[in-house]
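Spelled out from the first residue to the last, the chains are:
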Amino acid sequence: MTDLSRSLRVQRFRNLRRERGDREMNVWVSKPAGDAIDRAVEKGRLKSRQEAIAYALEAVFIREERSVV
């Protein structure tokens, strides 16, 4: 795959995500958090790091299972 076709594919993917209402955010995570994410993915609990991070963010900021002050 050429660099041009790869970059076009990535751009289409990003545009679809934006149209869906998603936002791209770059974050740094601590080593323990990163290791825990990697373990969850390796064990098959979640499909990818992206899915693991999204799951954790939704658990804290969207679901009402936790009370955050």
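For the structure itself, consult the block above.
The shown structure was predicted, so the numbers you read here are calculated from the model rather than taken from an experiment.

Participant: Mind showing me how you'd approach the packing of helix H2 (residues 31–42) against helix H3 (residues 49–61) here?
Facilitator: Two packed helices can be described by the angle between their axes and the distance between those axes. The interhelical angle for the contact between H2 and H3, taken along N-to-C directions, is 115 degrees, at an axis separation of 9 Å. With respect to the hand of their crossing, H2 and H3 are arranged in right-handed fashion. Along its contact with H2, which presents Ile 37, Asp 38 and Val 41, the element H3 presents Arg 49, Ala 52 and Ile 53. In the contact of H2 with H3, the residues fall into four nonpolar, no polar and two charged.

Participant: Before we go on, may I ask you to explain helix H1 (residues 3–20) in this structure?
Facilitator: An α-helical segment advances 3.6 residues per turn. Residues three or four places apart therefore align on the same side. Taking 1.5 Å of rise per residue, the 18 residues of H1 would be expected to cover 26 Å, and the 26 Å separating its terminal C-alpha atoms lies within 8% of that figure. The first or second residue beyond H1 is Gly 21, which carries a positive phi of 100 degrees.

Participant: Can you walk me through a nonpolar patch on the surface in this structure?
Facilitator: A cluster of nonpolar side chains, contributed by Met 25, Val 27 and Val 29, occupies part of the molecular surface with about 300 Å² of accessible area. By the element assignment, Met 25 lies in the loop between H1 and H2.

Participant: So what exactly am I meant to see when it comes to the pattern of salt bridges here?
Facilitator: Two side chains that carry opposite charge are able to pair once their charged atoms sit near each other. According to the stated counting rule, one finds five salt bridges in the structure shown. Note that Lys 31 and Asp 35 form a salt bridge whose closest N and O atoms lie 3.0 Å from each other. Linking Lys 31 with Asp 35, this pair stays in helix H2, spanning four residues, or about one helical turn. Given a relative accessible area of 61%, Lys 31 falls into the exposed group. The class of Asp 35 is partly exposed, set by a relative accessible area of 28%. The network of salt bridges with common partners includes Arg 17, Arg 20 and Asp 22.

Calculation notes
- Residues numbered from 1 in each chain as written.
- Predicted model: local features only at pLDDT ≥ 70, side-chain atom pairs only at ≥ 80, totals over all residues.
- Heavy atoms only, no water.
- Axes fitted to C-alpha atoms, helices over the stretch in contact; angles between N-to-C directions.
- Helix = DSSP H or I, 4+ residues; strand = E, 2+ residues; numbered from the N terminus.
- Left-handed = near helix turned anticlockwise from the far one by under 90°.
- Contact = heavy atoms within 4.5 Å.
- Nonpolar A, V, L, I, M, F, W, Y, C, P; charged D, E, K, R; others polar.
- Expected span 1.5 Å × (residues − 1).
- Patch = residues over 30% accessible without salt bridge, like charges linked within 9 Å, V, L, I, M, F, W, Y side chains within 5 Å.
- Areas by Shrake-Rupley, 256 points an atom, 1.4 Å probe, with all protein chains shown as cover.
- Salt bridge = Lys/Arg side-chain N within 4 Å of Asp/Glu carboxyl O.
- Buried < 20%, exposed > 50% of the residue type's maximum accessible area, 1.4 Å probe, protein only.

Everything listed is a geometric property; what it means functionally is a separate question.
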